[in-house]
Each structure stands twice: as C-alpha cells, then as structure tokens.
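Take a look at the letters that make up each chain.
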Amino acid sequence: MLDVKIEGVLGTFVIDVDIHAGKGLTVLYGASGAGKSSILRAIAGLWNPCRGLIKFKQQVLYDSDKNINMPTAQRRLGVVFQEPLLFPHMSVAQNLRYGLRENSQGWGSVIALLDLESLLSRMPRNLSGGEAQRVALGRALLSDPQLLLLDEPLTGLDDARRAQVLPYLEKLRDETKIPILYVSHNRDEILRLADTIFLVESGSAKEKLTLEDFEKRTELPPVPRRDKS
C-alpha cells in the first residue's frame, strides 16, 4: 500500500529506507534521534531525499528517476505531531473546520469517534494535553486523508492522559480503516497499537519485526536478587 525506498543525507545523517506499510497501523520504532521523524517528513513532502521512490497504492508521491515530487498539499495526508499545533485564536470547532474537505468523513462521525462534542466551544488554551491531541486527530481526519502520519502524538502527555487517549487511537485504527504510519519509541504504545513494526537505527529502516520479536527485544531484564547473607 505504502512503499518507501529512499536514500538521502540530512546534515551528517544518512537516511536509508526500504519499507512497505500495509493496512492497519505501522510503527516506525527507534530511539530518539534515529531518523523516524525524518522519514515521515519525506513521505509528507517536507524533506526531499537524494534519490528513491515513495508510492501510495498506485499514486507516485516522489520518484527521483522521473523527477516527480508531488506538493505536500496534494498528497492527501493527515499529519499529527507531538504538539497539537492548534490555532490559539480559534475555538475547537473552528480548528476542526479549518481543514474540512467536501469529501471528508462526516463531521458527526468524527466528532463521535473522538468524543469531541463537549469541547467544540472551548478555546485551545482551555484544553488538557490529551484533549488537544484528540482535536488535532479530528482535524487530520476531516481533511479527507488517504494516509495518516502520527509523529509521537502521545510523547508530551503524562501517564494518565496517555491512557485516556490510547483508546481513541485504537478506535481510529479499527473504525476508520485509514492506514496509519505511527512514530514511537514507547514500548507499551507499540504493543497495544501496532500491526506492523519497522526498526529504525541510525537513519536506516529496513528490518521488519513481528510483535513477538519486538516484545522479546524490548523486554526488560530481570532485576537481580540481593544476597541477604
């Protein structure tokens, strides 16, 4: 469905990616600074690799050989970053309507999916971090995306608010049927959400992990017992 085979240089960092993301939620997993967000930015058209191909279904978004580089606005991507990036002078309803497209999912279904009805008249400054991210997710959905790119959307939340938002991400994955590419280094999030996992290390993303492989690789070592003698 989504094929990304690119090479590029970002500062002193070499990006070398060869991944295929199918239906459901695909995770790019790796430590901070591994290059996960740069891969998302390339897919979104916010950073141009030196060479390669990015294709969604049969639509070519980027092809260095054919000199194709589709503008970001034409790629029909819903993007949510760590920060919700809501317009502070607009109400929640106005923020949601800002990206609304004629062919998008129905307003009512998105409001219900993310439980936003009670927030519509509020201003962003009066939202909790979890509420603001739900609004950002709603705005992305209402833009009629063919693909969602979520760049560590829960990173800035404490454990309690993270736990509040996770069920909405599960509903997003299961009920919208929109493919999701999700950047994270949080083990619990990945085990709960991922259908497919790609390991990102030092700019390279090629190795595909099953949930079982990922769980074993990231399992914490047992705490050694103290000798009481």
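This structure is a prediction, so every number in the text was calculated from the model and none was measured.

Chemist: So what exactly am I meant to see when it comes to the sheet that holds strand β10 (residues 196–201) here?
Modeler: Strand pairing in a sheet relies on backbone hydrogen bonds. The paired strands run either parallel or antiparallel. The strand order across the open sheet built from 11 strands is β6-β5-β4-β1-β2-β11-β10-β3-β9-β8-β7, with neighbouring strands paired in mixed fashion. Taken across any chain shown, the strands that pair with only one partner, and hence form the sheet edges, are β6 (68–69) and β7 (77–80). Across five bridges, the pairing between β10 and strand β11 (residues 204–209) is antiparallel. Looking at β11, one finds that E201 is bridged to S204. Taken strand by strand, helix α1 (residues 36–44) contacts β1 (2–10), β2 (13–21), β3 (25–29), β4 (51–56), β5 (59–63), β7, β8 (147–151), β9 (180–184), β10 and β11, and its axis lies near 150° from that of β8.

Chemist: Would you mind going over a negative patch on the surface with me for this structure?
Modeler: A surface patch of like charges, here negative, comprises E212, D213, E215 and E219. Checked against the element boundaries, D213 lands in helix α7 (residues 211–217). Owing to a relative accessible area of 36%, D213 belongs among the partly exposed residues under this scheme.

Chemist: Whenever I open this one, the pattern of salt bridges confuses me. Can you help?
Modeler: Charged atoms that come close allow side chains of opposite charge to pair. One pass over the structure, following the stated rule, counts nine salt bridges. Between K206 and D16 there is a salt bridge, with the nearest N and O atoms lying 3.0 Å from each other. Separated by 190 residues along the polypeptide, K206 in strand β11 and D16 in strand β2 bring together distant segments of the chain. By relative accessible area, which is 24% here, D16 ends up partly exposed. Between E170 and R192 there is a salt bridge, with its nearest N and O atoms 2.9 Å apart. With E170 in helix α5 (residues 159–176) and R192 in helix α6 (residues 187–193), the pair connects residues that are 22 residues apart, well separated along the chain. The exposure class of R192 is partly exposed, given its relative accessible area of 37%.

Chemist: I keep staring at the pairing of β2 and nothing clicks. Help me out?
Modeler: Two faces belong to every sheet, and in a regular strand the side chains alternate between them. For β1 and β2, the ladder comprises nine bridges, and the chain directions are antiparallel. Across the sheet, residue L2 finds its bridge partner in β2, namely A21. One ladder, built from two bridges, connects β2 with β11; its direction is parallel. Bridge pairing in β11 places D16 opposite S204.

Chemist: Is there a simple way to explain α1 in this structure?
Modeler: Buried residues dominate α1, accounting for seven of its nine residues. Considered for burial, the residues of α1 that qualify are K36, S38, I39, L40, A42, I43 and A44.

Chemist: How should the side chain of S143 be read in this particular structure?
Modeler: One can find S143 in the loop between α4 (129–141) and β8. Here S143 falls in the buried class, since its relative accessible area comes to 14%. A distance of 2.6 Å separates the side chain of S143 from the backbone oxygen of A140, its partner in a polar contact. Excluding its chain neighbours within four sequence positions, the residues that come into contact with S143 are L77, G78, G99 and R101.

Chemist: Which parts of the structure should I look at to understand the environment of R75?
Modeler: Relative to the helices and strands, R75 is located in the loop between β6 and β7. Looking at R75, the relative accessible area reads 0%, which means it is buried. Remark: the alpha-carbon pair of R75 and V60, spanning 15 residues in sequence, is separated by 9.4 Å. Not counting chain neighbours up to four residues away, the residues in contact with R75 comprise A42, I43, A44, G45, L61, Y62, N69, M70 and Q146. Of the polar contacts made by the side chain of R75, one reaches the backbone oxygen of M70; its length is 2.7 Å.

Chemist: Looking at this structure, how should I read the nonpolar core?
Modeler: The nonpolar side chains of a soluble globular protein tend to be buried with one another. L150, L169, L172 and Y182 are the most contacted members of the largest nonpolar core, which totals 42 residues. No other element matches α4, which puts six residues into this core. In this structure Y182 touches L25, T26, V27, L28, L150, P153, L154, L169, E189 and L193, once residues within four positions along its chain are discounted. Formed by 28 residues, the second largest nonpolar core is a distinct cluster that contains I54, L61, L77 and V183.

Chemist: How should the environment of S184 be read in this particular structure?
Modeler: Position of S184 relative to the elements: it lies in strand β9. Separated by 10 residues in the primary sequence, S184 and D174 place their C-alpha atoms 19 Å from one another. Filtering out sequence-adjacent residues up to four positions away, S184 remains in contact with L28, Y29, G30, K36, E152, E189 and I190. At a separation of 2.9 Å, a polar atom in the side chain of S184 contacts the main-chain amide nitrogen of N186. In this structure the side chain of S184 is engaged in a polar contact, spanning 3.4 Å, whose partner is the side chain of E189.

Cut-offs used in this document
- Residues numbered from 1 in each chain as written.
- Predicted model: local features only at pLDDT ≥ 70, side-chain atom pairs only at ≥ 80, totals over all residues.
- Heavy atoms only, no water.
- Pairing = 2+ DSSP bridges.
- Helix = DSSP H or I, 4+ residues; strand = E, 2+ residues; numbered from the N terminus.
- Contact = heavy atoms within 4.5 Å.
- Axes fitted to C-alpha atoms, helices over the stretch in contact; angles between N-to-C directions.
- Patch = residues over 30% accessible without salt bridge, like charges linked within 9 Å, V, L, I, M, F, W, Y side chains within 5 Å.
- Areas by Shrake-Rupley, 256 points an atom, 1.4 Å probe, with all protein chains shown as cover.
- Salt bridge = Lys/Arg side-chain N within 4 Å of Asp/Glu carboxyl O.
- Lys, Arg positive; Asp, Glu negative; His and termini not counted.
- Charge placed at Lys NZ, Arg CZ, Asp CG, Glu CD.
- Buried < 20%, exposed > 50% of the residue type's maximum accessible area, 1.4 Å probe, protein only.
- Polar contact = N/O pair within 3.5 Å; in protein donor to acceptor, adjacent residues only side chain to side chain.
- Core = buried A, V, L, I, M, F, W, Y, C linked by side-chain atoms within 4.5 Å.

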